[in-house]
Amino acid sequence: MSERSYFDWNATTPMREEAQRAFADAMAVVGNPSSVHAEGRSARRLVEHARDDVAALVGARPADVFFTSSGTEANMLALTPAIETVGERRVRDRLLMSAIEHSSVRSGGRFLRDAIFDIPVGGDGQIDLDALSDAVAKASRPLVSIMLANNETGVLQPVAAAAAIVHAAGGLLHVDAVQAAGRIPCDMGALGADLLTLSAHKIGGAKGVGALVRRGDDIHIADPLIRGGGQERSMRAGTENVAGIAAFGAAAAAARNGRAVEAERMSALRSALEAGLKTISPQAVIFGAGAERLPNTTLFALEGVKAETAVIAFDLEGVAVSSGAACSSGKVQPSHVLAAMGISPALLRGGVRVSLGWTTTEADIERFHSAWRKLATALSKERQGVAA
Ligand code: PLP
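1. Examining the packing of helix α5 (residues 129-137) against helix α6 (residues 159-168)
Then comes step 1: It is at 9 Å that the axes of α5 and α6 come closest, and there the two elements cross at 20°. By the criterion of interaxial angle, the relationship of α5 to α6 is roughly parallel. Crossing of α5 over α6 shows right-handed handedness. Between α5, through L129, L132, S133 and V136, and α6, the contact on the second element is made entirely by A161, A162, I165 and V166.

2. A short note on the domain arrangement of the protein chain
Then comes step 1: For the protein chain, the domain assignment lists domain 1 (5-12 + 259-387) and domain 2 (17-253).
Then comes step 2: Averaged C-alpha coordinates put domain 1 and domain 2 at centres separated by 29 Å.
Then comes step 3: Listed per partner, the contact involves 25 residues of domain 1 and 29 residues of domain 2.
Then comes step 4: Taking both sides of the interface into account, the surface hidden between domain 1 and domain 2 amounts to around 2200 Å²; carbon and sulfur atoms contribute 56%.
Then comes step 5: It is R259, L294 and M341 that lose the most area in domain 1 upon contact with domain 2, and together they represent 25% of the buried surface on that side.
Then comes step 6: The interface formed by domain 1 and domain 2 contains zero salt bridges.
Then comes step 7: Linking domain 1 to domain 2 there are 13 residue pairs in polar contact (both at pLDDT 80 or more).
Then comes step 8: For the side of domain 1 that touches domain 2, the secondary structure elements donating two or more residues are α8 (242-280), β12 (297-301) and α10 (336-340).
Then comes step 9: With three residues, the single largest contributor to the side of domain 1 that touches domain 2 is α10.
Then comes step 10: Along the lines of polarity and charge, the residues of the side of domain 1 that touches domain 2 split into 13 nonpolar, eight polar and four charged.

3. A few points about the site of the ligand
Then comes step 1: Neighbouring the ligand are 14 residues; G71, T72, D176, S199 and K202 lie closest to it.
Then comes step 2: Side-chain polar atom of K202 to an oxygen atom of the ligand: 2.6 Å apart, as the coordinates give it.
Then comes step 3: Protein coverage of the free-state accessible area of the ligand, which is 390 Å², stands at 88%.
Then comes step 4: In terms of residue count, the dominant contributor to the shell around the ligand is helix α3 (residues 71-78) (three residues).
Then comes step 5: Grouping the constituent residues of the shell around the ligand by class yields two nonpolar, 10 polar and two charged.

4. A closer look at the sheet that holds strand β11 (residues 285-286)
Then comes step 1: Here we have four strands laid out as an open sheet, ordered β11-β12-β17-β14, and antiparallel in their pairing. Only two strands of the sheet have a single neighbouring strand rather than two, namely β11 and β14 (322-323).
Then comes step 2: The sheet contact formed by β12 and strand β17 (residues 352-355) spans four bridges and is antiparallel. Each bridged residue has a counterpart across the sheet, and for L299 the counterpart in β17 is R353.
Then comes step 3: Across the sheet, α8 lies against β11, β12 and β17, angled at about 15° from β12, the strand it touches most.

5. What about the packing of aromatic side chains?
Then comes step 1: Applying the stated criterion to the full structure yields eight aromatic pairs.
Then comes step 2: Between F7 and F368, the ring centres sit 5.9 Å apart and the planes meet at 70°, which makes this aromatic pair edge-to-face. Pair noted here: F7 is in the loop between β1 (5-6) and α1 (17-27) and F368 is in helix α11 (residues 362-387), with a separation of 361 residues, a long-range link. Note on accessibility: F7 and F368 belong to one class, buried.
Then comes step 3: Judged by its relative accessible area of 0%, F368 falls in the buried class.

Cut-offs applied
- Residues numbered from 1 in each chain as written.
- Predicted model: local features only at pLDDT ≥ 70, side-chain atom pairs only at ≥ 80, totals over all residues.
- Heavy atoms only, no water.
- Axes fitted to C-alpha atoms, helices over the stretch in contact; angles between N-to-C directions.
- Helix = DSSP H or I, 4+ residues; strand = E, 2+ residues; numbered from the N terminus.
- Parallel < 35°, antiparallel > 145°, perpendicular 65-115°, else oblique.
- Left-handed = near helix turned anticlockwise from the far one by under 90°.
- Contact = heavy atoms within 4.5 Å.
- Domains from an automatic or database assignment.
- Buried area = accessible area lost by both parts, 1.4 Å probe.
- Salt bridge = Lys/Arg side-chain N within 4 Å of Asp/Glu carboxyl O.
- Polar contact = N/O pair within 3.5 Å; in protein donor to acceptor, adjacent residues only side chain to side chain.
- Nonpolar A, V, L, I, M, F, W, Y, C, P; charged D, E, K, R; others polar.
- Near = heavy atom within 4 Å.
- Areas by Shrake-Rupley, 256 points an atom, 1.4 Å probe, with all protein chains shown as cover.
- Pairing = 2+ DSSP bridges.
- Phe/Tyr/Trp six-rings, centres within 6.5 Å; stacked < 30°, edge-to-face > 60°.
- Buried < 20%, exposed > 50% of the residue type's maximum accessible area, 1.4 Å probe, protein only.

Written out as structure tokens, the structure reads:
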């Protein structure tokens, strides 16, 4: 067993070997993809090969993939009132988003504050489709942003059903698929997504690379975020991150090929993890457990255990987990995701997120259990001491 057990795959994944190789090979290519000479054409080939593989991961056409510097940038690029469709050049009047989106969506992109509206979620962490229907009816040309899988709970959202509601109301749907891609099937057509965000470092690529994918060339973002040269068909200026993009392509191909097998293995490991957790601490709450979730994610809390205390205790035992919610200066903020789910205030700062990946083994799960047992035992002794 390795020295440490890494359970923070939703924060970032290790680079897959295929991606590392593609990255290293691309670093040896000298050309600028925009140059016409042989060196430039070699670099261009790497970028376009990667575009094919990223497109295939989400069932899109390569011409509809635009590389960016991150999932965050892709979300910013997508969330603009200036999205034109064939036959409709008027701006989107509202941005509707689920209350549990990642902060890069919650920031609202380029919409004004008073044009942004929240769609609530239920206690299971899934978006309320009736509330979505009501909200789209109040807008004339809404842009709706719904994530496919939540980064804290792993809960999957009913995106295809939401797409039908949004489209019937004349709206467009943006889907943040950063956590879902490579873990569950993620086909743009089946989802009904008009725009979709990906991030390379969540699927085994390099950090600092992402993509915005559109459903077809009938969708046009009229105000790109970064203007200058004509790279990415003028949708994202700046010389391409050739090595990062090449690695993204290799990671996308590996993720696509291995997805079904990896998902099954992770789901079995996650079940074992949760069963052991409940045996040690029957009072532990696993959030979103009643809903369909990513196969690799567990978010749990135990009343009286602060997330930051648990994260540090796990770390000392060689186990890397994270607090579900954002952390600033080492202090965990109440989770907006758990708050939106109506979780009791006593648990809002307690969410511990355990996320698995393709290198996770049964030995890692055992190490997790023994670390948790130690923490839970110490805690109950402390409580008995206080009570005595
Ligand atoms: N969207 C979701 C759901 C995420 O979990 C993240 C990162 O954690 C992002 C977007 C941002 O991606 P990136 O780290 O590439 O900026």
